[in-house]
Structure formats: C-alpha cells, structure tokens
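The lines below spell out each chain.
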Amino acid sequence: DFRFYITTKLANPHYTPEISTKATIVNFCVKQQGLEDQLLGIVVRKERPELEIQKNDLVVAVASGKRKLVELEDTILRMLSSASGSPPHDEG
C-alpha cells in the first residue's frame, strides 16, 4: 500500500482534474462548506463507490472536453489569421 504525502504553503493550489480524481487532497484551511463537501465525498466513496467512479469519469470527460474546446478555438484563430481576403469567402 503506497502512500505519498506532499505539503505546500500555497493558499489555493490548483490541481488538474485528472490529478484530483486520483489523489486525496486534504486542505487544512477549509471552511465549513468545504469540510462538508470533503466529508460527503468520503461517505459517497464508502456507501456508493459506483457513484464515485461515475463522478471521476465525468470530471475527466469535462476536462477532456475543455481541452478539445481550446484546441478547436486555437485552430479557428489560426485559420482566421492565415486567411487571405474576407474570411467568409476564403475556402482554404
């Protein structure tokens, strides 16, 4: 059973959704709502593990969708910037 502990002095570190679903993140500076969310996550993980798996899959899918959206936006901007003439009439 491998365990790896990391600490940070950052007030609000950001982790990718992929990391968040595979790691247990403990924030010792939580407010009551944050603590309730963490405890609810623990209860769901124990009582309904299939819901936890479904949530993790959805988080990964949303992250993938956001990444794809950024790629498509970049492609559109690149096509617009390289277009000659009026963009609606440019076929390339």
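Use the structure listed above.
(A) Just the environment of P13, in detail. In this fold, P13 is placed in the segment before α1 (17-22). Judged by relative accessible area, P13 falls into the partly exposed class, the value being 27%. Between the alpha carbons of P13 and Q54 there is a distance of 25 Å; along the sequence they are 41 residues apart.

(B) Up close: the packing of helix α2 (residues 32-47) against helix α3 (residues 49-82). Across the interface, α2 lies against α3 with an axial gap of 5 Å and an inter-helix angle of 120°. Between α2 and α3, the crossing angle belongs to the class labelled oblique. On α3, the residues touching G41, V44, R45, K46 and E47 of α2 are P49, L51 and E52. Grouping the amino acids of the contact of α2 with α3 by side-chain chemistry returns three nonpolar, one polar and four charged.

(C) Region of interest: α3. Across its 34 residues, α3 extends 50 Å between first and last C-alpha, which sits within 8% of the 50 Å expected from 1.5 Å per residue. Listed as buried for α3 are E52, N56 and A63. Buried residues in α3 make contact with α1 and α2.

Cut-offs used in this document
- Here the residue numbers are simple positions, counted from 1 along each chain's written sequence.
- The predicted nature of this model means local features are confined to residues of pLDDT at least 70 and side-chain atom pairs, given and counted, to a pLDDT of 80 or more, with totals for whole chains, interfaces and linings taken over all residues.
- Side-chain numbers come from the whole structure's heavy atoms, not from hydrogens or water.
- Helix and strand assignments come from DSSP, with helices taken as H or I runs of at least 4 residues and strands as E runs of at least 2, each series counted from the N terminus.
- For the exposure calls, accessible area comes from a 1.4 Å probe over protein chains only, and a residue counts as buried if that area is under 20% of its type's maximum, exposed if over 50%, partly exposed in between.
- The convention used is that axes are lines fitted to C-alpha atoms, helices contributing only their stretch in contact, and that angles between N-to-C directions extend from 0 to 180 degrees.
- When describing relative orientation, an angle under 35 degrees is termed roughly parallel and one over 145 degrees roughly antiparallel, while 65 to 115 degrees is termed roughly perpendicular and anything else oblique.
- We call two residues contacting when some pair of their heavy atoms lies within 4.5 Å.
- Charged means Asp, Glu, Lys or Arg here, nonpolar means Ala, Val, Leu, Ile, Met, Phe, Trp, Tyr, Cys or Pro, and polar covers whatever is left, Gly included.
- In this analysis, the expected span of each helix is defined as 1.5 Å times one less than the number of residues it contains.

Interpretation in functional terms is not warranted from these geometric data alone.
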